Amino acid sequence: MDYLIQQSLNALSFGAEYALIALGLAIVFSIMRLVNFAHGEVIAFGGYSLAVTGTLLTGNPWILMACVVLACMAVAVVLERVAFRTVRGADLTTGLLTAFGVSIILQNLFLLLGSPRPVAATQFIFLDRTLTLGPVRVSSLQIYETAVTVAAIVALLLFLRRTTLGMALRAAALDFEMVRLCGLRANRVVAGAFAISGFLAGLACIFIMARRGSAQPHMGFDPVLSAFVACVIGGFGSLPGAVLGGFLLGIAEVAVLILLPQSAGGLAHAVVFALVALILVWRPDGILSPAREKGDKL
Amino acid sequence: MLEIGRLRVFHGVIEAVHGIDLCVREGECVALLGPNGAGKTSTLSAITGAARATGTIRLAGRDLSGLAIEDRCRLGIAIAPEGRRVFANLTVRENLVMGGAIRRDRRALAAEIDSWFQRFPVLGERRDQPAGTLSGGEQQMLAIARALLARPRILLLDEPSLGLAPQIVGRIFRIIEELKAQGTTILLVEQNAAAAIAVSDSVHVLSNGVVTRQGPAAAFGDGSGLMDELTGVHG
């Protein structure tokens with residue numbers, strides 16, 4: 001029983017992390033048709049900013065958390081301004097290659113200015129403690145991660161429903177030009193989308209740093225790759241799809257680890273991706289692929 | 001109010017409109033008629049900034065060339081576009097909020113949205129439904145209301161009757177008449193020549209990207225002669 005609870009929590013927290021990152025990819029993709037592979041470097045930037053502000057500024061973890069989130073938001077908006085704005089409206093492939101280029105440049109900047117080895121930043125490690133709840137021993141970090149992700153999703157939902165910028169983001173996913181015809185500034189809407197993706201990356205960064213305790217140039221790349229898979233499962237560009245895909249991927253990874261015999265542990269990824277392939281055979285556009293039509297278009 | 005001179009509109013390398021002149025005075029309704037592919041929608045796209053164009057476009061004396069789509073909207077150009085293009089995934093009310101998104105007077109905007117709900121009770125009843133669930137005629141009303149909530153100087157209407165049942169077309173043209181009576185300046189693109197001439201002050205006929213005829217609406221009678229020209233039937 002307690003084993004089951006522990007593994008469910010494992011699955012939930014894995015899924016929560018993927019969902020956070022996948023949401024950041026999806027919100028940018030939904031309005032820009034841009035697969036932002038540099039999202040992982042936004043996370044890594046957050047990690048390095050923790051190492052820097054943690055040594056120079058303050059040791060207070062709460063202030064540092066705000067710094068990490070703000071740093072991720074800022075760098076996401078700056079990347080849009082200097083790199084992605086120039087290829088706005090270009091081909092899907094152009095955007096994809098630009099994102100890869102940005103990702104490689106940033107990773108190498110981290111290597112040159114930082115270090116190829118992990119840079120220690122242990123200020124968030126305290127989040128990860130073992131809690132004993134009756135017979136069950138669980139990691140506090142996993143509980144925080146799941147709870148924060150759920151809270152972030154609810155907050156995002158409220159933002160998208162209640163604010164003008166939120167409505168504009170939803171409308172722009174369907175018909176960006178019509179949003180501009182309503183007088184909303186395209187640059188502001190796009191910057192808003194990148195700021196939100198940066199915010200979500202910042203939250204993910206806090207949990208990744210709490211687990212790793214160090215920043216590394218490619219620390220964000222692997223989670224973003226998994227989040228990309230989550231987006232594909234859920235339906236690329238669909239926000240509910242990103243959340244669903246993230247949690248499904250988390251559950252699948254943990255389930256495969258439990259069910260496969262120890263000796264076949266190396267096959268875990270192969271089995272997970274085989275499952276993903278099966279889902280795509282069933283629904284080629286992902287489970288919750290967004291609607292394509294633009295109202296009553298004749 | 002709106003003055004267009006030697007306007008050429010391009011789609012990629014193709015020139016769709018070959019240097020037309022057009023003028024809409026304040027409070028006037030001008031109809032731009034023509035068959036499919038004549039360049040009517042291209043002309044509107046040039047005015048909103050969505051299509052690349054040369055020539056002059058002036059709104060209330062101000063040159064619009066080089067301005068982005070959103071800046072032209074903020075100067076007073078609003079459009080109920082071809083195909084309506086309501087935000088199908090937003091509710092009816094949210095669509096209207098988007099229409100007035102550039103306004104700062106939030107309270108007046110909310111009151112105005114309510115008055116649209118009274119004017120079009122079908123929209124009021126469905127204010128919290130996704131706009132994609134509305135019928136074509138209801139979506140057209142929504143698109144017109146959305147455009148007007150920006151408080152534009154001029155309203156561009158692109159084929160408001162397209163694809164609608166005859167009674168609904170009549171309803172839409174009554175709305176256009178009412179708007180005109182309230183003093184709204186309108187540039188109306190239509191294929192339904194008879195109905196468009198009936199609500200307009202002056203008429204321009206566009207064919208293959210050039211203006212072939214123009215004059216006061218009265219000179220076009222009931223538009224029956226024009227219908228043949230527009231549909232390509234020459235008797």
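Conventions we followed
- Residues numbered from 1 in each chain as written.
- Chains lettered and ligands numbered in written order.
- Predicted model: local features only at pLDDT ≥ 70, side-chain atom pairs only at ≥ 80, totals over all residues.
- Helix = DSSP H or I, 4+ residues; strand = E, 2+ residues; numbered from the N terminus.
- Rg over C-alpha atoms; globule rule 2.2 N^0.38 Å.
- Buried ≥ 20, exposed ≤ 12 C-beta atoms within 10 Å, placed from the backbone.
- Pairing = 2+ DSSP bridges.
- Axes fitted to C-alpha atoms, helices over the stretch in contact; angles between N-to-C directions.
- Contact = placed C-beta atoms within 7 Å.
- Parallel < 35°, antiparallel > 145°, perpendicular 65-115°, else oblique.
- Left-handed = near helix turned anticlockwise from the far one by under 90°.
- Nonpolar A, V, L, I, M, F, W, Y, C, P; charged D, E, K, R; others polar.
- Expected span 1.5 Å × (residues − 1).
- Right-handed = clockwise from strand over helix to strand, strands pointing away.

(A) Up close: the overall build of chain B. When helices and strands are tallied, chain B shows nine helices and 10 strands. Against the globule reference of 18 Å for 235 residues, chain B gives a C-alpha radius of gyration of 17 Å, in line with a compact fold. Seen along its three principal axes, the alpha-carbon backbone of chain B occupies a region of about 50 × 40 × 30 Å. For chain B, the proportion of its 235 residues judged to be buried stands at 48%.

(B) Focus on the sheet that holds strand β8 (residues 185-190) of chain B. Residue and element names in this part refer to chain B. Across the sheet, which stays open at both edges, the six strands sit in the order β6-β7-β8-β3-β9-β10 with mixed pairing between neighbours. Single-partner strands in this sheet number two, and they are β6 (77-80) and β10 (210-216). Averaged over all adjacent pairs, the angle separating strand axes in this sheet is 20°, with direction ignored. Pairing geometry for strand β3 (residues 29-33) and strand β9 (residues 202-207), over four bridges, is parallel.

(C) Highlighting the sheet that holds strand β2 (residues 14-24) of chain B. Residue and element names in this part refer to chain B. Taken in spatial order, the four strands make up an open sheet running β2-β1-β4-β5, and their pairing is antiparallel. The two strands at the open ends of the sheet, each matched to only one other strand, are β2 and β5 (62-63). With respect to the sheet, helix α1 (residues 40-48) is in contact with β1 (2-11), β2 and β4 (52-59), its orientation differing from that of β1 by roughly 110°.

(D) Up close: the interface of chain A and chain B. At the junction of the two partners, chain A supplies 22 residues and chain B supplies 29 residues. Sort the elements by how many residues they give to the side of chain A that touches chain B and helix α6 (residues 164-181) of chain A lands first, with 11 residues.

(E) Main features of the packing of helix α1 (residues 2-32) of chain A against helix α5 (residues 140-162) of chain A. Residue and element names in this part refer to chain A. α5 packs onto α1 with a crossing angle of 40° between their chain directions and a minimal axis gap of 8 Å. Judged by the inter-axis angle, α1 sits oblique to α5. In this structure, α1 meets α5 at a crossing whose hand is left-handed. Residues Leu-9, Asn-10, Leu-12, Ser-13, Ala-16, Glu-17, Ala-19, Leu-20 and Leu-23 of α1 form the contact with α5, whose own contacting residues are Gln-142, Glu-145, Thr-146, Thr-149, Ala-152 and Leu-156. Residue composition of the contact of α1 with α5, by class: eight nonpolar, five polar and two charged.

(F) A look at α5(A). All names here are of chain A. Taking 1.5 Å of rise per residue, the 23 residues of α5 would be expected to cover 33 Å, and the 32 Å separating its terminal C-alpha atoms lies within 8% of that figure. Those residues of α5 that sit buried are Leu-141, Gln-142, Glu-145, Thr-146 and Thr-149. On its buried face, α5 sits against α1, β3 (136-139) and α7 (186-212).

(G) Structural view of the pairing of strand β7 (residues 154-158) of chain B. Residues and elements named next belong to chain B. Among the five residues in β7, five count as buried, and that is most of the element. Burial along β7 is two-sided: the residues Ile-154, Leu-156 and Asp-158 and Leu-155 and Leu-157 are all buried. By the bridge criterion, four bridges tie β6 to β7 in an arrangement that is parallel. For Ile-79, the partnering residue across the bridge sits in β7 and is Leu-156. In this sheet, β8 lies alongside β7 in parallel orientation, the contact comprising five bridges. Its bridge partner being in β8, Ile-154 is matched across the sheet by Thr-185. Handedness of the β7-helix α7 (residues 166-181)-β8 crossover: right-handed.

(H) Highlighting the environment of Ala90(A). Residues and elements named next belong to chain A. Mapped onto the secondary structure, Ala-90 falls in the loop between α3 (61-84) and α4 (92-113). Ala-90 gets classed as partly exposed once you count the C-beta atoms within 10 Å, which come to 14. It is 9.3 Å that separates the C-alpha atoms of Ala-90 and Arg-33, two residues lying 57 residues apart in sequence.

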